Amino acid sequence: QCKGYVVPTSLKQISPRVGGVLWPVEPDLLQEGRLVKKGELLARIDPREYDLEVLQAKAAFHAAKRRWEDLKDNMDEEVRMAEAELDEVKHNVRQMKLEAERNEKLARGSAVAQRDYESAMFGYQAMAARQRRLESNLKMLKDPESGRLKRRIDAAHEEMEQARARLGTAEMRREWCDIRAPITGTVLTKNAEYYNLFNPAAFS
């Protein structure tokens, strides 16, 4: 018989990457002296909070994706609506211009009150200003390189990608709840008890 110590050739310290309550799993492999294989599930952090994070992130991603798809799929329709509104205003401008010119002639002969003439003229000028605004807006919408509609679609796409990244982070944190053996070997010491709440930053 020989006396001595068994010294491991490789020592791995296992600590969770997320905080929470440590849950046992079946079979219970997290026992000193127990042989475990690489990848086996040793324990689990209470995953309920992280499951909700995944659900929230998934809902936010799908909502952002729908906003982007709605803008992208309906951009032509939005341009047609802007063109139709501009055409309507152009017709109103022509009609109000004729009415203002008629009132101007009648005002010279005192056939119409000065107040009515001014009201018609101011209405025409306001509608003409609205036409100029709509023309400028339509031009910005239709610009294929830097138009307002393209910027809105690009911004919606970036918001969707941000939501996708947040979803990936939430899913990764959920995966970290499962504590698995990094190598095949023997459990030497167990420094945490089941159902204890701990912070992984202080675990080491």
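Rules and cut-offs
Residues numbered from 1 in each chain as written. Predicted model: local features only at pLDDT ≥ 70, side-chain atom pairs only at ≥ 80, totals over all residues. Heavy atoms only, no water. Helix = DSSP H or I, 4+ residues; strand = E, 2+ residues; numbered from the N terminus. Rg over C-alpha atoms; globule rule 2.2 N^0.38 Å. Buried < 20%, exposed > 50% of the residue type's maximum accessible area, 1.4 Å probe, protein only. Contact = heavy atoms within 4.5 Å. Areas by Shrake-Rupley, 256 points an atom, 1.4 Å probe, with all protein chains shown as cover. Lys, Arg positive; Asp, Glu negative; His and termini not counted. Charge placed at Lys NZ, Arg CZ, Asp CG, Glu CD. Salt bridge = Lys/Arg side-chain N within 4 Å of Asp/Glu carboxyl O. Pairing = 2+ DSSP bridges. Axes fitted to C-alpha atoms, helices over the stretch in contact; angles between N-to-C directions. Parallel < 35°, antiparallel > 145°, perpendicular 65-115°, else oblique. Left-handed = near helix turned anticlockwise from the far one by under 90°. Nonpolar A, V, L, I, M, F, W, Y, C, P; charged D, E, K, R; others polar. Phe/Tyr/Trp six-rings, centres within 6.5 Å; stacked < 30°, edge-to-face > 60°. Lys NZ or Arg CZ within 6 Å of the ring centre and 35° of its normal.

Right, let's get into the overall build of the chain. In terms of helices and strands, the chain carries five helices and six strands. Each helix (α) and strand (β) of the chain, taken in turn from the N terminus, gives the series β-β-β-α-α-α-α-β-β-β-α. Over its C-alpha atoms the chain spans a radius of gyration of 36 Å, topping by over 25% the 17 Å that the globule rule assigns to 204 residues. For the chain, the spread of C-alpha atoms along the principal axes amounts to about 130 × 30 × 25 Å. Scored against the burial criterion, the 204 residues of the chain give a buried share of 26%. Considering only residue pairs separated by 6 or more positions, the chain has 82% of its internal contacts joining residues 24 or more positions apart. For the chain, the exposed surface amounts to about 14,600 Å²; the carbon and sulfur share of it is 50%. In the chain, which carries 36 positive and 34 negative side-chain charges, the distance between the mean positions of the two groups comes to 2 Å.

As enumerated under the stated definition, the model contains seven salt bridges in all. A salt bridge links R174 to D51, with the nearest nitrogen and oxygen atoms 2.6 Å apart. Linking R174 in helix α4 (residues 148-175) with D51 in helix α1 (residues 48-73), this pair joins segments that are 123 residues apart in sequence. Accessibility expressed as a relative area gives 21% for R174, which makes it partly exposed.

Turning our eyes to something else, we now look at the sheet that holds strand β3 (residues 41-45). The strand order across the open sheet formed by four strands is β4-β3-β1-β6, and the pairing between neighbours is antiparallel. Each edge of the open sheet is held by one strand with a lone partner, namely β4 (178-180) and β6 (197-198). Pairing geometry for strand β1 (residues 20-23) and β3, over two bridges, is antiparallel. Along β3, the bridge assignment pairs L22 with I45.

Here we come to the packing of α1 against α4. Relative to each other, α1 and α4 sit at 160°, their axes nearing to 8 Å. Judged by the inter-axis angle, α1 sits roughly antiparallel to α4. Crossing handedness for the pair α1 and α4: left-handed. Along the lines of polarity and charge, the residues of the contact of α1 with α4 split into 14 nonpolar, one polar and 13 charged.

Along the polypeptide, Q131 turns up in helix α3 (residues 114-142). Apart from residues no more than four positions distant in its own chain, Q131 is found in contact with L86, V89, K90 and V93.

In this structure the tally under the stated criterion is zero aromatic pairs. For K72, the ring lying beneath its charged end belongs to W68, and the centroid distance is 4.9 Å. When the ring centre of Y194 is taken as reference, the NZ or CZ atom of K190 above it lies at 4.2 Å.

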